[in-house]
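Structural characterization, general
The primary structure of each chain is shown beneath.
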Amino acid sequence: RPCLHRLRGKLEVEESWPQEVVVDDRQKQEIMRVVRLVRRRQRLSVALIGFSLACLVFATIGVLLAIMDRWGAEAWLPWNWIIISFSGLAVGFGLFSWYRTRPETMSTARLIDTELGLKDRLSTALACHDRNDPFALAVVEDATSVAGAPQTREQARRRFRIAPPP
């Protein structure tokens, strides 16, 4: 709200809050630390699932090849190369699954807010971090205090575990 001051017969208007409110980049980094933790765990879980599915498929193919190899009088398949190839392909498929899974920052923040009961603090702060108004400053300050708390990161680690393959 503007305040009026009388100086030497002139009225001057003074703003009660600063015109330029700047959100510190360290505050956003504190919030992003929790978001990156959860995104990394989500990606690793998907990579493990992709790797396990590839192992299952290649093991099934390996069993079928072994049955076919035993039908003849002599083994005709180069098993060393087959095992090395299938192992490399399974690892490659797991890495491909990891690479293809890129959760969006905002959707991850919404998921964290929902799962940890943060009442949209992180997602609102990420949405407002570029704004220059007192509301944005208050929202980012609140989210930074929540994201910077060690119990929040511990809750995120416990809630978003790296899931073993089914």
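Values in this document were obtained by computation on a predicted structure and should not be read as measured data.

Criteria and thresholds
Residues numbered from 1 in each chain as written. Predicted model: local features only at pLDDT ≥ 70, side-chain atom pairs only at ≥ 80, totals over all residues. Heavy atoms only, no water. Salt bridge = Lys/Arg side-chain N within 4 Å of Asp/Glu carboxyl O. Helix = DSSP H or I, 4+ residues; strand = E, 2+ residues; numbered from the N terminus. Buried < 20%, exposed > 50% of the residue type's maximum accessible area, 1.4 Å probe, protein only. Contact = heavy atoms within 4.5 Å. Lys, Arg positive; Asp, Glu negative; His and termini not counted. Phe/Tyr/Trp six-rings, centres within 6.5 Å; stacked < 30°, edge-to-face > 60°. Lys NZ or Arg CZ within 6 Å of the ring centre and 35° of its normal. Axes fitted to C-alpha atoms, helices over the stretch in contact; angles between N-to-C directions. Parallel < 35°, antiparallel > 145°, perpendicular 65-115°, else oblique. Left-handed = near helix turned anticlockwise from the far one by under 90°.

A complete count under the given rule lists seven salt bridges for this structure. Across the salt bridge formed by Glu-115 and Arg-159, the nearest N and O atoms sit 2.5 Å from each other. Of the two residues, Glu-115 is situated in helix 3 (residues 105-116) and Arg-159 in helix 6 (residues 150-159); the sequence distance between them amounts to 44 residues. With relative accessibility at 31%, the residue Glu-115 sits in the partly exposed group. Arg-159 sits in the partly exposed class, given a relative accessible area of 43%.

Turning our attention to the side chain of Thr-108. Checked against the element boundaries, Thr-108 lands in helix 3. On the accessibility criterion, Thr-108 (1% relative accessible area) is buried. Once residues within four sequence positions are removed from consideration, Thr-108 is found in contact with Val-35, Val-38, Arg-39, Gln-42 and Pro-103.

You will see that Lys-119, though not glycine, has its phi angle at about 55°, which is positive. Note on placement: Lys-119 falls in the loop between helix 3 and helix 4 (121-128). Unusually for a residue other than glycine, Asp-120 sits at a positive phi of about 60°. As for its position among the elements, Asp-120 is in the loop between helix 3 and helix 4. Of the residues examined, Asp-120 reaches a relative accessible area of 44% and is grouped as partly exposed.

Another point: the side chain of Arg-43. Assignment of secondary structure puts Arg-43 in helix 1 (residues 25-71). No salt bridge is formed by the buried Arg-43; the nearest opposite charge belongs to Glu-104, separated by 11 Å. Those residues in contact with Arg-43 that sit more than four places away from it in its chain are Trp-98, Tyr-99, Thr-101, Arg-102 and Pro-103.

On to the packing of aromatic side chains, then. Under the criterion given, the structure shown has one aromatic pair. Cation over ring: Arg-43 sits above Trp-98, and NZ or CZ is 4.0 Å from the ring centre.

It is worth spelling out the packing of helix 1 against helix 4 at this point. The contact between helix 1 and helix 4 brings their axes to 11 Å, and the two run at 135°. It follows from the interaxial angle that helix 1 and helix 4 lie oblique. As for the relative orientation of helix 1 and helix 4, their crossing is left-handed in sense. Here Lys-28, Ile-31, Met-32, Val-34 and Val-35 of helix 1 lie close against helix 4, whose contacting residues are Leu-122, Ala-125 and Leu-126.

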